[in-house]
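Summary of the model geometry
Spelled out from the first residue to the last, the chains are:
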Amino acid sequence: MEVKIGVQNAAREIILESAQTADEVESAVAAAVDGGKLLKLTDEHGRKILVPADRLAYVEIGEPTRAKVGFGTL
C-alpha cells in the first residue's frame, strides 16, 4: 500500500510502502488527529515513521502495489 504524507512547512512529502491495509492506515490517521498525538506507521521493511498529528497537511492512501512482470504494454 503506498502512503503519501504531506507535512506542514516541509518542502517534500513522505512516501512509503506499507504492509498495512488502507483501513488500518486510515484508522491510525484518525486516531492520531483525534488524540493530537503522533501518527505511527510502519513501512514494509519494518521501519517506523512518526509524524506529529498537528503537523499533518494531508495523507493520501493509494492502491496496493502490484509487481510488474514481463514486457507488456498498456
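Note that the coordinates shown come from a computational prediction; the quantities given were computed from them, not determined experimentally.

**Quick word on the overall build of the protein**
- Within the protein one finds one helix and five strands.
- Overall, the protein shows an N-to-C arrangement of helices and strands of β-β-α-β-β-β.
- Here the protein holds 74 residues, and 24% of them are scored as buried.
- Of the contacts made within the protein by residues no fewer than 6 positions apart, 47% connect residues no fewer than 24 positions apart.

**What about the nonpolar core?**
- Counting residues in hydrophobic clusters, the biggest one holds 15 residues, and the most contacted among them are Val 3, Ile 5, Leu 39, Leu 41 and Val 51.
- The set of elements that each furnish at least two residues to this core consists of strand 1 (2-7), helix 1 (22-35), strand 3 (38-42) and strand 4 (48-52).
- Examining the composition of this core, we find that four residues originate from one element, helix 1, more than from any other.
- Not counting the four nearest positions on each side in its chain, Leu 39 is found in contact with Ile 5, Ala 28, Val 29, Ala 32, Ile 49, Leu 50, Val 51, Ala 53, Leu 56 and Val 59.

**Focus: the side chain of Ser 18**
- Relative to the elements of secondary structure, Ser 18 occurs in the loop between strand 2 (14-17) and helix 1.
- According to the relative accessible area criterion, Ser 18 is buried, its value standing at 4%.
- Separated by 3.1 Å, the side chain of Ser 18 and the backbone oxygen of Thr 42 make a polar contact.

**Focus: the sheet that holds strand 1**
- Taken in spatial order, the three strands of this open sheet run 2-1-5, and their pairing is antiparallel. The open sheet has two edge strands, strand 2 and strand 5 (56-61), and neither has a second partner. Neighbouring strand axes in the sheet, compared pairwise and without regard to direction, differ in orientation by 15° on average.
- Examined bridge by bridge, strand 1 and strand 5 share five bridges and lie antiparallel to one another. Residue pairing in the sheet places Val 3 in a bridge with Ile 61 of strand 5.

Rules used in this analysis
- Residues numbered from 1 in each chain as written.
- Predicted model: local features only at pLDDT ≥ 70, side-chain atom pairs only at ≥ 80, totals over all residues.
- Heavy atoms only, no water.
- Helix = DSSP H or I, 4+ residues; strand = E, 2+ residues; numbered from the N terminus.
- Buried < 20%, exposed > 50% of the residue type's maximum accessible area, 1.4 Å probe, protein only.
- Contact = heavy atoms within 4.5 Å.
- Core = buried A, V, L, I, M, F, W, Y, C linked by side-chain atoms within 4.5 Å.
- Polar contact = N/O pair within 3.5 Å; in protein donor to acceptor, adjacent residues only side chain to side chain.
- Pairing = 2+ DSSP bridges.
- Axes fitted to C-alpha atoms, helices over the stretch in contact; angles between N-to-C directions.

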